[in-house]
Amino acid sequence: MLISNAYAQAADGAAQNSFMGLLPLILMFVVLWFLMIRPQMKRAKEHKAMVEALAKGDEVVTGGGIAGRVTEVGDTFVQLEIAPNTVVAVQKQAVATVLPKGTLKAL
């Protein structure tokens, strides 16, 4: 009778010990999720919404630093007027920010 009790205690201790071994790994994943993955997903969602909302006349800055006014919006490309009578085609995903109206006149 004492031997079976000893086995039962050893089994409980082993299960508890394996959970305690996984606890730091689980905590590291939770911290990684809240500090890195979740904010990155939020920024990607905001950027996607901004790109989908692009319209003719918006003033934008691309990822390469080119500032211009949107003259035409296509499925994957936008036409930017970067100087009078100078229009370039840029991928929609390359648009980094939308500027407030009238910003380009101040430059």
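Refer to the structure above for everything that follows.
This text gives an overview of the structure that appears in the document. Since we're looking at a predicted model, the values are computed, not measured.

**As for the side chain of Lys92**
Then comes step 1: Locating Lys92 in the fold gives a position in the loop between strand S4 (86-91) and strand S5 (95-99).
Then comes step 2: At 6.0 Å, Asp75 is the nearest oppositely charged side chain to Lys92, a buried residue that forms no salt bridge.
Then comes step 3: Setting aside its immediate chain neighbours within four residues, Lys92 contacts Val51, Val73, Gly74, Asp75, Thr76, Phe77 and Val78.

**Some points on the nonpolar core**
The tendency in soluble globular proteins is for nonpolar side chains to be buried as a group.
Then comes step 1: Core analysis: the largest hydrophobic core is formed by 9 residues, namely Met50, Val51, Leu54, Val60, Val70, Val78, Leu80, Val90 and Val95.
Then comes step 2: At the level of elements, helix H1 (2-52) and strand S3 (77-83) are the ones that each hand at least two residues to this core.
Then comes step 3: For Met50, the contacting residues outside a window of four places in its chain are Val95, Ala96, Thr97 and Val98.

**Observations regarding the sheet that holds S5**
Then comes step 1: One open sheet holds the 5 strands; their spatial order is S4-S3-S2-S1-S5, and the pairing between them is antiparallel. Both outer strands of the open sheet, S4 and S5, are each paired with one neighbouring strand and no more. Each strand axis lies, on average, 45° off the axis of its neighbour in the sheet, ignoring direction.
Then comes step 2: Relative to S5, strand S1 (residues 59-62) runs antiparallel, the two being bridged by 4 bridges. Bridging from a neighbouring strand, Val61 pairs with Thr97 of S5.

So, how was this worked out
- Residues numbered from 1 in each chain as written.
- Predicted model: local features only at pLDDT ≥ 70, side-chain atom pairs only at ≥ 80, totals over all residues.
- Heavy atoms only, no water.
- Helix = DSSP H or I, 4+ residues; strand = E, 2+ residues; numbered from the N terminus.
- Buried < 20%, exposed > 50% of the residue type's maximum accessible area, 1.4 Å probe, protein only.
- Lys, Arg positive; Asp, Glu negative; His and termini not counted.
- Salt bridge = Lys/Arg side-chain N within 4 Å of Asp/Glu carboxyl O.
- Contact = heavy atoms within 4.5 Å.
- Core = buried A, V, L, I, M, F, W, Y, C linked by side-chain atoms within 4.5 Å.
- Pairing = 2+ DSSP bridges.
- Axes fitted to C-alpha atoms, helices over the stretch in contact; angles between N-to-C directions.

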